[in-house]
Amino acid sequence: MPKHYRPPGKKKEGNAAKYITRTKAVHHLQVSLPTFRKLCILKGIFPREPKKKVEGNHKTYYHTKDIAFVAHDPLVEKFRDIRAHKRKVKKALARKNRELADRLLNRQPTYKLDRLILERYPAFVDALRDLDDCLTMVHLFAALPAVGGERIQVERIHNCRRLSHEWQAYISQTHSLRKTFISVKGIYYQAEVEGQKITWLTPHALQQVLTDDVDFNVMLTFLEFYEALLGFVNFKLYHSINVKYPPLLDPQLEALAAGRYSDSWLLLVFLELYALCRYVSAAPERQLGDSQAISSSENEQSEDKKVDAQTDESDLRLAQLQHQLPANEPGTLMHLVEDATGADDEDNETKECKNLFKKFKFFLSREVPRESLLFIIPAFGGVVSWEGDGSPFKESDEDITHQIVDRPTQGHMFLSREYVQPQWIYDCVNARTILPTEAYLVGRVPPAHLSPFVDNEAEGYVPEYAETIKRLQDAASKQVLPMPGIESGDLDDPQNLLAEGIIDRTEASEAAEKKRKLAMLEKQYHDELNMELQGITYSASLSNKNLQSSVEDVQEDAPADPEQMEKDTRDLSMVAMSRKKRRLYEAMQISKERKKANVNILKERKKKAEASKKE
């Protein structure tokens, strides 16, 4: 009898019981392969890689429990009903019974994904953590052309645009945007919502072409789930700031976007986003009017209701402020309400982002990426307008401080404002400070656009412009800066600090003595480790005067080479490693060497570029 023989009817064990192939899963569920793919996408089930593939390496495996989980889902029965309904419609059309076919088409079976959203994301934080791919996919389809007859329905594209605009309006008005970066793929954004960092990518405002090498059926299945997820997230976020959802836009801007400029989808998108931002920002004012209308009825029923003492005190204070303000200035009271209720909730980072462009007024020329700038500038406290109908103010406004242009020359220029390129906005946002505009003026080549998602210290190479931005940030925060030519590591040397006048001679001598004692103790520790590895006992070490002589040498001479000490420590640690850990450690060292080689290449390129400039 073979070793792994299993009699027929005996229960499977091991990987044969834990995993099931895709073909068997499809036969078990009694659905087609496209339907099986759709079920797995909606339920969040993905293929697995077992350690031992029982039925071959060329097959796809799933967990048996996952397939049993899908088999009990009501969506399976719904998809079967949809398949049977399509057969009825096809049969009616084949019989040329158009009336029956139309009647069946009007009664198509439908399903909702509300239960799946709650099932996959029990808490709201779970949904926020999984929102990166969702936002990227929705923004991608929102940029596609809404043309009838294509493989993507026009309603789906319009819905993606609506959801993306609602998300951007919330992020902009709550000042939750943290980073942004322009790349070849598109524009990267990172926002912080309820403590969760969310990063997504939006394509450039260019004409998109639908290629044939992309499986849009799979992408549309993902999009179907992401639309439902983003709708629930927007609903929760809007209600968290006391704004009704779905929002009601300005009728004039809606008519302007949908009527006169319906052929220009970019302007339509732009006006929709601006209308949403206005709606979100005006929400506290509308709620204030509603509270004033029912204030008399609340006063009559105040004896019957039991409210906390702090709430009553805050309401009384707001009522007193309301009587002190003029009747024709509801905006002033709106700002007071926002300051009174949201001052404690905002952290320092949100306040910093909120006040970055607070004193500035921007005007966008027609050649700049207006939708992106309309999203970024209000998110950091700025006021923005554009060239065209529906703009808050015209180009001739004298209060405009900056005009964003992206052309080599400017025909007419106002002396009361600065003309800068769009990159200045993005660099200021990433640096969290107002950068000088001389390098971003019209007609000049701007400095390198640095990515805020790269840690220069960890990579080992800090670009020159990053050092300049760091000095500007330190100067803005009024920190002590090292002199030019001195690295951050040189500040630990007491002699350098004494030469720069930062400390006096007594403090420098004390710091040097302390540093010498630490080096002596470290040298003694390494010598004891070496003796322990050599098998020398403690009694023998007492009779041996090598340790004492080494300590005296450290006291008299300069401290030992730190690189050699680090190498000795590394060699000692590798002796006690297993073979697997040693190989992993060697692979890590090879990766570090490659990174160091790339840094050297960048430094060489920098030297060549500087030499060519001097020539």
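None of these values were measured; they are calculated from a predicted model. (Residues numbered from 1 in each chain as written. Predicted model: local features only at pLDDT ≥ 70, side-chain atom pairs only at ≥ 80, totals over all residues. Heavy atoms only, no water.)

### What to know about the overall build of the chain
And then number 1: Across its full length, the chain carries 28 helices and nine strands.
And then number 2: Counting contacts in the chain only where the partners sit at least 6 residues apart, residues at least 24 apart contribute 61% of the total.
And then number 3: Entry remark: accessible area of the chain is about 39500 Å², with carbon and sulfur atoms responsible for 52%. (Helix = DSSP H or I, 4+ residues; strand = E, 2+ residues; numbered from the N terminus. Contact = heavy atoms within 4.5 Å. Areas by Shrake-Rupley, 256 points an atom, 1.4 Å probe, with all protein chains shown as cover.)

### Looking at the packing of aromatic side chains
And then number 1: For the coordinates displayed, the defined rule picks out 19 aromatic pairs.
And then number 2: Here tyrosine 188 and phenylalanine 453 contribute two aromatic rings whose centre-to-centre distance is 6.4 Å and whose plane-to-plane angle is 65°, an arrangement assigned as edge-to-face. Taken as a pair, tyrosine 188 in strand β4 (residues 187-193) and phenylalanine 453 in the loop between α20 (423-431) and α21 (456-459) lie far apart in primary sequence, 265 residues in all.
And then number 3: Under the relative-accessibility criterion, tyrosine 188 is labelled partly exposed at 23%.
And then number 4: For phenylalanine 453, a relative accessible area of 33% translates into the label partly exposed.
And then number 5: A ring pair is formed by tyrosine 189 and phenylalanine 375, whose centres lie 5.1 Å apart and whose planes are at 75°; its orientation type is edge-to-face. Of this pair, tyrosine 189 sits in strand β4 while phenylalanine 375 is found in helix α19 (residues 370-379), placing the two residues 186 residues apart along the sequence.
And then number 6: Taking the relative accessible area as the measure of exposure, phenylalanine 375 reaches 1% and is therefore buried. (Phe/Tyr/Trp six-rings, centres within 6.5 Å; stacked < 30°, edge-to-face > 60°. Buried < 20%, exposed > 50% of the residue type's maximum accessible area, 1.4 Å probe, protein only.)

### A few points about α20
And then number 1: Burial analysis of α20 places nine of its nine residues in the buried class, which makes it a mostly covered element.
And then number 2: Within the sequence span of α20, burial applies to Gln423, Trp424, Ile425, Tyr426, Asp427, Cys428, Val429, Asn430 and Ala431.
And then number 3: Looking one or two residues past α20, arginine 432 carries a phi angle of roughly 60°, positive in sign.

### Examining the pattern of salt bridges
And then number 1: Throughout the structure, instances matching the rule amount to 20 salt bridges.
And then number 2: Between lysine 53 and glutamate 49 there is a salt bridge, with the nearest N and O atoms lying 2.9 Å from each other.
And then number 3: On the basis of relative accessible area, lysine 53 is assigned to the partly exposed category, the value being 22%.
And then number 4: Across the salt bridge formed by lysine 361 and aspartate 397, the nearest N and O atoms sit 2.9 Å from each other. Taken together, the positions of lysine 361 in strand β6 (residues 361-364) and aspartate 397 in the loop between β7 (383-386) and β8 (402-404) put the pair 36 residues apart, joining distant regions of the chain.
And then number 5: Owing to a relative accessible area of 18%, lysine 361 belongs among the buried residues under this scheme.
And then number 6: Because the salt bridges share partners, they merge into one network encompassing Lys43, Asp73, Arg115 and Glu119. (Salt bridge = Lys/Arg side-chain N within 4 Å of Asp/Glu carboxyl O.)

### Quick notes on the sheet that holds β4
And then number 1: Sheet architecture is open: three strands sit in the order β3-β4-β5, paired in antiparallel fashion. In the strand order of this sheet, the two ends are held by β3 (177-182) and β5 (196-202), each with one partner. Adjacent strand axes in the sheet meet at a mean angle of 15° when their direction is disregarded.
And then number 2: Pairing geometry for β4 and β5, over seven bridges, is antiparallel. (Pairing = 2+ DSSP bridges. Axes fitted to C-alpha atoms, helices over the stretch in contact; angles between N-to-C directions.)

### Structural notes on the state of the cysteines
And then number 1: Taken as a whole, this structure holds zero disulfides when the rule is applied.
And then number 2: Considering cysteine sulfurs only, cysteine 160 is the nearest to cysteine 134, which forms no disulfide, with 9.3 Å between them. (Disulfide = S-S within 2.5 Å.)

### A few points about the nonpolar core
And then number 1: Leu131 and Trp167 are the most contacted members of the largest nonpolar core, which has 90 residues in total.
And then number 2: With twelve residues, the single largest contributor to this core is helix α11 (residues 216-240).
And then number 3: Discounting residues that sit within four places of it in the chain, tryptophan 167 has contacts with Leu131, Leu135, His139, Val193, Ile198, Trp200, Leu230, Val233, Asn234 and Leu237. (Core = buried A, V, L, I, M, F, W, Y, C linked by side-chain atoms within 4.5 Å.)

### What about the confidence of the model for the chain?
And then number 1: Averaged over all residues, the pLDDT of the chain is 77; the fraction at 70 or higher stands at 73%.
And then number 2: Within the model, pLDDT remains below 50 along residues 483-491, and this stretch shows eight contacts once partners closer than five positions in the same chain are excluded. (pLDDT = per-residue confidence, 0-100.)

### Some words on the environment of tryptophan 167
And then number 1: Among the structural elements, tryptophan 167 can be located in helix α10 (residues 154-173).
And then number 2: The class of tryptophan 167 is buried, set by a relative accessible area of 0%.
And then number 3: Along the backbone, tryptophan 167 and valine 233 are 66 residues apart, and their C-alpha atoms lie at a distance of 8.8 Å.

### Here we look at the side chain of lysine 43
And then number 1: Along the chain, lysine 43 turns up in helix α3 (residues 33-43).
And then number 2: The exposure class assigned to lysine 43 is buried, which follows from its relative accessible area of 5%.
And then number 3: In terms of polar contacts, lysine 43 uses its side chain to reach the side chain of glutamate 119, at 2.7 Å.
And then number 4: Residues within four places of lysine 43 in sequence aside, it is in contact with Phe69, Val70, Asp73, Leu116, Glu119 and Arg120. (Polar contact = N/O pair within 3.5 Å; in protein donor to acceptor, adjacent residues only side chain to side chain.)

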